[in-house]
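Results of the structural survey
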Amino acid sequence: MPELPEVENTRRYLIKAGLPGSTFAGADVGWPKALKTPALEDFVLGLLGRRVERIDRQGKYLLARLDGGATLILHLGMTGGLRVQPASQPAHPLVRHTFFLNDGRELRFIDGRKFAKMWLVDDPKDVLPPLGNDPLGDDFTPATLSAALKGRNAPVKALLLEQSIVAGMGNLYADESLFLSGIRPSRPAAKLSKREISKLTDAVKSALTTALAAYNISREEQWPDPPMGMQTWSIPRKEGAPCPRCGGAISGTRIRARGTFFCPKCQR
DNA sequence: AGTACGTCCTGATCGC
DNA sequence: TGCGATCAGGACGTAC
């Protein structure tokens, strides 16, 4: 499940693979429902002949800035992954979309579960939902997080998952952040103390930067394989497994229908 | 406005 | 060992 670290590493992978500078020579959209806008014909025509100038990330969205001013937006959903490969190389069986490049390579969009999404727009603001501060940026502070949680009585984990509060947060890093900060996922957000908000802010930054760094160090030699399947969790995602801090049994529950794991001793 | 839940999807995993 | 049942969850629409 690509969350911020995986999406950011995908961005770095695309840059390393030389997608910026390449020009689209066509596109094969194999799962039309993934294309949100525009209609298929305009999507293909709009990409044709356009060169990728830059690749940005906003939350979990990848934005390929094209010459001429348009932006190709990709969201990896839960099982999405991207690869830039020679057309002659056999494609992964779960490739749903193929973007042909003018250098004989292809940008291949893998997406087993078909939850990924694509847009081609003049202004990303027209289609992107409101996104909160990026937790890796300077604007993500105890003050801004506290303000975002003010008056909210939903479980803190549910709010961490809202992209309008923490852009790029996902289920696994939410559990990780709450474990690192010793806060139980079910706690009403507004009841967190100032000190807890501060610890949570640090934990979110720490969980995400650790994941990014772990990938870059341990998998660097594997580039250009896609950055997926990172496993840098402190907390086991298995009920009854031993807590790495106290040795007690990890509890499993569901919050907003999302699998949630925490240590009942370490997280209060 | 805030909160909760169903829906979309299918590969991977579980359990008998 | 095999196979059907269940699980996984990001974002959105709907409902209360």
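The secondary structure content of chain A amounts to six helices and eleven strands. Against the 2.2 N^0.38 benchmark of 18 Å for 268 residues, chain A shows a C-alpha radius of gyration of 20 Å, consistent with a compact globule. Looking at chain A as a whole, 48% of its 268 residues are labelled buried. Long-range contacts, defined as pairs at least 24 residues apart, comprise 65% of the intrachain contacts of chain A with a sequence gap of at least 6. Surface summary for chain A: the accessible area is close to 12200 Å², and the carbon and sulfur share equals 51%. Within chain A, the 27 negative side-chain charges are centred at a point lying 10 Å from the centre of the 38 positive side-chain charges.

Contacts to DNA strand B come from 13 residues, most closely from Lys33, Lys114, Arg152, Asn153 and Arg256. Counting only the atoms of DNA strand B within 4 Å of the protein, the fraction contributed by sugar and phosphate is 71%. Ala154 is positioned with one of its backbone polar atoms (N or O) 3.0 Å from a phosphate oxygen of DNA strand B. Residues of the surface near DNA strand B, tallied by class, amount to five nonpolar, two polar and six charged.

Once that is clear, we can look at the domain arrangement of chain A. Entries for chain A in the domain assignment read domain 1 (4–126) and domain 2 (142–262). Here the C-alpha centroids of domain 1 and domain 2 sit 28 Å apart.

Every one of the 14 residues lining DNA strand C counts as a neighbour, but His75, Met78, Arg113, Phe115 and Arg258 are closest to it. For DNA strand C, the backbone portion of the atoms within 4 Å of the protein, that is sugar and phosphate, comes to 44%. One nitrogen or oxygen atom from the side chain of Lys60 is found 3.1 Å from a phosphate oxygen belonging to DNA strand C. Arg258 places a polar side-chain atom, nitrogen or oxygen, 2.7 Å from a base nitrogen of DNA strand C. Per-class residue counts for the surface near DNA strand C are five nonpolar, four polar and five charged.

We now examine the packing of aromatic side chains. Tallied over the full model, the rule gives three aromatic pairs. Both rings, one in Phe43 and one in Phe99, keep their centres 6.3 Å apart while their planes meet at 65 degrees; by these two values the pair is edge-to-face. Separated by 56 residues along the polypeptide, Phe43 in helix α2 (residues 40–47) and Phe99 in strand β7 (residues 95–101) bring together distant segments of the chain. Among the aromatic side chains, those forming a connected cluster through ring pairs are Phe24, Phe43 and Phe99. Geometry around Phe115 places Arg113 over its ring, the cationic atom sitting 5.6 Å from the centre.

A few words now on the sheet that holds strand β4 (residues 61–66). Spatial strand order, β2-β9-β5-β4-β3: five strands in an open sheet with mixed pairing. Two strands close off the open sheet at either side, each with one partner strand: β2 (35–37) and β3 (52–58). Each neighbouring strand pair of the sheet contributes to a mean axis angle of 20 degrees, computed without reference to strand direction. Pairing of β4 with strand β5 (residues 71–75), which is carried by five bridges, proceeds in the antiparallel orientation. Across the sheet, residue Leu62 finds its bridge partner in β5, namely Leu74. Strands in contact with helix α1 (residues 4–16) are β3 and β4; relative to β3, the strand with the most contacts, it is inclined by about 170 degrees. Taken strand by strand, α2 contacts β2, β4, β5 and β9 (117–121), and its axis lies near 65 degrees from that of β9.

Counted by the stated rule, this structure contains 15 salt bridges. With a closest N to O distance of 2.9 Å, Asp134 and Arg57 form a salt bridge. Of the two residues, Asp134 is situated in the loop between β9 and α3 (142–149) and Arg57 in strand β3; the sequence distance between them amounts to 77 residues. Residue classification places Asp134 among the partly exposed residues on the basis of a relative accessible area of 22%. Each of Glu8, Arg11, Arg12, Arg57 and Asp134 takes part in one network of salt bridges that share partners.

Scoring rules and cut-offs
Residues numbered from 1 in each chain as written. Chains lettered and ligands numbered in written order. Predicted model: local features only at pLDDT ≥ 70, side-chain atom pairs only at ≥ 80, totals over all residues. Heavy atoms only, no water. Helix = DSSP H or I, 4+ residues; strand = E, 2+ residues; numbered from the N terminus. Rg over C-alpha atoms; globule rule 2.2 N^0.38 Å. Buried < 20%, exposed > 50% of the residue type's maximum accessible area, 1.4 Å probe, protein only. Contact = heavy atoms within 4.5 Å. Areas by Shrake-Rupley, 256 points an atom, 1.4 Å probe, with all protein chains shown as cover. Lys, Arg positive; Asp, Glu negative; His and termini not counted. Charge placed at Lys NZ, Arg CZ, Asp CG, Glu CD. Near = heavy atom within 4 Å. Polar contact = N/O pair within 3.5 Å; in protein donor to acceptor, adjacent residues only side chain to side chain. Nonpolar A, V, L, I, M, F, W, Y, C, P; charged D, E, K, R; others polar. Domains from an automatic or database assignment. Phe/Tyr/Trp six-rings, centres within 6.5 Å; stacked < 30°, edge-to-face > 60°. Lys NZ or Arg CZ within 6 Å of the ring centre and 35° of its normal. Pairing = 2+ DSSP bridges. Axes fitted to C-alpha atoms, helices over the stretch in contact; angles between N-to-C directions. Salt bridge = Lys/Arg side-chain N within 4 Å of Asp/Glu carboxyl O.

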